[in-house]
Number of protein chains: 2
Amino acid sequence: MRLAAPLERLVDEFAKLPGIGPKTAQRLALHVMRVSQQEAAGLAEAITRAKTQIIHCGICGYLTDQDPCSLCNDTERDDSLLCLVEESQDVIAIDRTGFNGKFFVLNNNFQLMNGLDLRKIDFPKILEVVEKRGVQEIIVATNPTIDGEVVARYIAETTRAKGIKVSKLAYGLPVGGDIEYIDEITLRRSMDGRQEI
Amino acid sequence: MRLAAPLERLVDEFAKLPGIGPKTAQRLALHVMRVSQQEAAGLAEAITRAKTQIIHCGICGYLTDQDPCSLCNDTERDDSLLCLVEESQDVIAIDRTGFNGKFFVLNNNFQLMNGLDLRKIDFPKILEVVEKRGVQEIIVATNPTIDGEVVARYIAETTRAKGIKVSKLAYGLPVGGDIEYIDEITLRRSMDGRQEI
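Residues numbered from 1 in each chain as written. Chains lettered and ligands numbered in written order. Predicted model: local features only at pLDDT ≥ 70, side-chain atom pairs only at ≥ 80, totals over all residues. Heavy atoms only, no water.

A. View of the overall build of chain A. Along the backbone of chain A there are eight helices and six strands. Along its sequence from the N terminus, chain A presents helices and strands in the succession α-α-α-β-β-α-β-α-β-α-β-α-β-α. For chain A, whose C-alpha radius of gyration is 21 Å, the value lies well above the compact-globule estimate of 16 Å for 197 residues. Principal axes of the C-alpha set define a box for chain A whose edges measure 65 × 45 × 35 Å. (Helix = DSSP H or I, 4+ residues; strand = E, 2+ residues; numbered from the N terminus. Rg over C-alpha atoms; globule rule 2.2 N^0.38 Å.)

B. Up close: the sheet that holds strand E4 (residues 101-105) of chain B. Residue and element names in this part refer to chain B. Read from one edge of the open sheet, four strands run E4-E3-E5-E6, paired in parallel fashion. The sheet terminates laterally at E4 and strand E6 (165-168), the two strands that pair on one side only. Neighbour-to-neighbour, the strand axes of this sheet turn through a mean angle of 25°, independent of strand direction. Where strand E3 (residues 78-85) meets E4, five bridges bridge the pair, whose relative direction is parallel. Across the sheet, Asp 78 pairs through a bridge with Gly 101, a residue of E4. Strand contacts of helix H5 (residues 88-96): E3, E4 and strand E5 (137-141), with the helix running at about 160° to E4, the strand carrying the most contacts. (Pairing = 2+ DSSP bridges. Axes fitted to C-alpha atoms, helices over the stretch in contact; angles between N-to-C directions. Contact = heavy atoms within 4.5 Å.)

C. The arrangement of the packing of aromatic side chains in detail. Residue and element names in this part refer to chain A. This model, assessed by the stated rule, comprises four aromatic pairs over all chains. Measuring from centroid to centroid gives 5.3 Å for Phe 99 and Phe 103, while their planes differ by 65°, and the two rings are edge-to-face. Under the relative-accessibility criterion, Phe 103 is labelled buried at 3%. Look at Phe 123 and Tyr 154: their rings are 5.5 Å apart centre to centre, the planes differ by 65°, and that puts the pair in the edge-to-face class. Placement of Phe 123 in helix H6 (residues 123-133) and of Tyr 154 in helix H7 (residues 146-160) is noted, with a sequence separation of 31 residues between them. Its relative accessible area of 9% is what places Phe 123 among the buried residues. Above the plane of the ring of Tyr 171 lies Arg 189, whose end atom (NZ or CZ) is 4.3 Å from the centre. (Phe/Tyr/Trp six-rings, centres within 6.5 Å; stacked < 30°, edge-to-face > 60°. Buried < 20%, exposed > 50% of the residue type's maximum accessible area, 1.4 Å probe, protein only. Lys NZ or Arg CZ within 6 Å of the ring centre and 35° of its normal.)

D. Representation of the packing of helix H3 (residues 37-53) of chain A against helix H3 (residues 37-53) of chain B in the model. The N-to-C vectors of H3 of chain A and H3 of chain B enclose an angle of 170°; their axes lie 9 Å apart at closest approach. In terms of orientation, H3 of chain A lies roughly antiparallel with respect to H3 of chain B. Like other packed secondary-structure pairs, H3 of chain A and H3 of chain B cross with a definite hand, here left-handed. Judged by residue contacts, Gln 37, Ala 40, Leu 43, Ala 44, Ile 47, Thr 48, Lys 51 and Thr 52 of chain A of H3 of chain A engage Gln 37, Ala 40, Leu 43, Ala 44, Ile 47, Thr 48, Lys 51 and Thr 52 of chain B from H3 of chain B. Looking at the contact of H3 of chain A with H3 of chain B residue by residue, the class counts come to eight nonpolar, six polar and two charged. (Parallel < 35°, antiparallel > 145°, perpendicular 65-115°, else oblique. Left-handed = near helix turned anticlockwise from the far one by under 90°. Nonpolar A, V, L, I, M, F, W, Y, C, P; charged D, E, K, R; others polar.)

E. Region of interest: the relation of the copies chain A and chain B. If you rotate chain A by 180° and push it 0.0 Å along the axis, it lands on chain B with an RMSD of 0.1 Å. Both copies are brought into coincidence by an operation consistent with a two-fold rotation axis. Using C-alpha coordinates, one finds that chain A approaches the rotation axis most closely at Ala 44 of chain A, a distance of 2.1 Å. With an isologous cut-off of 70% or more, the 100% of interface residues of chain A that recur at the interface of chain B puts this contact in the isologous class. (Least-squares fit on C-alpha atoms with pLDDT ≥ 70 in both.)

Okay, here's the thing in structure tokens:
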């Protein structure tokens, strides 16, 4: 036996979302059946509205509802620092650290295994931003994975040739971690990157 | 810094769903930004359609897009057995066991702590179904919690007075479980309910 068709379809749609298995999808669909008509409409409308109103910033690639985005337009931010990240959510995370430079979102989920395509990186655009803003340092904040590392090195080599300083985030101990449980590679990196007290 | 307003609203809407925390909500919203316009519309539409087309069956309370539902209309099912469950998803679970009787969905999340309201149980309707169909046994399949137990006993007392046999699901060991790790109450119940081999 299956659920009624429209309900089954809603379960299937929820199950397409990342990290949502069939059981959770069913629970979500049945939750939607319980809430008010208005609440359900609110969710449906938010999806449609976000999908139609949100675009990528023409300068930095950040998800925004105005072009250029509020980050690019922010005159309080330091134009001489440019942080390169993979996805828009990384911008939020790095901004939270107090970083006050500008961003450039690569908008690529780089995967070595699936034929990591470095040609997808829009270097002309990065270099245009660098020149226009007089960027003095590019901080490459790709994910601390092999894929992210390859991308970081490639970007570094390409932009360093233009005479720009390029740095990347430090590897090391996560704050609050326990040395006993930290993997060998991270620990070795934190030894290599040790700092004088 | 926050995400652009329409995106932030979508995150908030996702976070209202049960078991979806703010991090997961953000991941879901950003996933919606990545998928095609068509896929996003599919989700929004499925929500709206399910919400408008799905109703409670006028006889048994099951979530359905036709009234009476396919279960009530199913002539292959045994009319003499009526299984009472709390929610529509319980119907699916019990049907999967091979149960071939009919169902009655209470559609109430009974919570003793929040003033378990037994008056919400629609006894006239249950008794109407019982009489019309010539039900000979009611199987009360409320959740194995204290709340479910109270509801089960209440239903049993009320309907038994009408001369109908009332049973409930057996407590005992979960198949594949490990006696060492089974809680004391369940184990005691399985001792009480021991069966001759």
